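Inside the fold
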Amino acid sequence: QPQRRGPRLLRRQPGRRPVPNVYRSKRAQRRGEFVELRVDEIKNLSAATVRTIWSAVRKKSIFTCRHRIEGGFFDEDEKTRMELYKLADKLGFDYLDIEEQFYRKGMLPLKNSRLILSYHDFSITPVVGYLQAKIKKMNAKKASVCKIATLIRNEKDLRTLSRLLTESAAKNKMIVLGMGERGIM
């Protein structure tokens, strides 16, 4: 009997492109429990595009629209981005993923979706205490899920994320990701 694996996240390769077929692909949605929809990677993103994507999603979904200053591709104004997040909530995407440092408590009153607040560090894995302080800030902002993603450069970084999970996961709903080649386990 095969072992049941924990939830997996389906991701696409980054890069700006027209509405990708992966959002409509049954094959792509068979993998994993969730699908993360990085809509910031779509050229000419509009409310109509978001509705099209929503109509094709057949599993739990995470809606993400990272601004360029957050490491994403979205380069329009913040008002437009927040309107897209509000639409995603109205349509009923399961989770909305927003970078913690740019989120102010109550800026996006959610009715149908839950909030994932994220912290990304593309250059290092900070010490556990720093990451725990980030989680505390996310919880103060009423995150449903706290997401930590850091660059893994060595075994010590892997141990740091493992310790973070060991010490924090019992009290918090969390997603912890090691980025880079060494982050793949």
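What comes next is a walk through the structure.

Reading the values: rules and limits
- Residues numbered from 1 in each chain as written.
- Predicted model: local features only at pLDDT ≥ 70, side-chain atom pairs only at ≥ 80, totals over all residues.
- Heavy atoms only, no water.
- Helix = DSSP H or I, 4+ residues; strand = E, 2+ residues; numbered from the N terminus.
- Buried < 20%, exposed > 50% of the residue type's maximum accessible area, 1.4 Å probe, protein only.
- Contact = heavy atoms within 4.5 Å.
- Areas by Shrake-Rupley, 256 points an atom, 1.4 Å probe, with all protein chains shown as cover.
- Expected span 1.5 Å × (residues − 1).
- Arc of directions from axis to C-beta.
- Polar contact = N/O pair within 3.5 Å; in protein donor to acceptor, adjacent residues only side chain to side chain.

With that settled, consider the overall build of the chain. Regarding its fold elements, the chain presents five helices and seven strands. For the chain, the α and β elements follow one another from N to C terminus as β-α-β-α-β-α-β-β-α-β-α-β. Here the chain, with 185 residues, has 46% of them falling under the buried criterion. Long-range pairs, those at least 24 residues apart, make up 66% of the contacts in the chain with a sequence separation of at least 6. Looking at the chain as shown, the accessible area adds up to about 10,800 Å², and 51% of this sits on carbon and sulfur atoms.

Even without glycine at this site, Asn 44 takes up a positive phi of about 55°. In this fold, Asn 44 is placed in the loop between strand 2 (34–38) and helix 2 (47–56). Here Lys 142, not a glycine, exhibits a phi torsion of approximately 70°, which is positive.

Attention now moves to helix 5 (residues 155–168). With 14 residues, helix 5 ought to run about 20 Å at 1.5 Å a step, and its terminal C-alpha atoms sit 20 Å apart, in line with that. All buried positions along helix 5 are accounted for by Asp 157, Leu 158, Thr 160, Leu 161, Leu 164 and Ser 168. What you see down the axis of helix 5 is that its buried residues fit within an arc of 155°, all on one side. In this structure, helix 5 carries Glu 155, Lys 156, Arg 159 and Thr 166 as exposed residues pointing more than 90 degrees from its buried face. Those residues of helix 5 that are buried lie in contact with helix 4 (128–140), strand 6 (145–151) and strand 7 (174–179). Where helix 5 starts, the residue carrying a side-chain oxygen 3.1 Å from the main-chain nitrogen of Lys 156 turns out to be Asn 154.

All we've got here are geometric facts, nothing functional implied.
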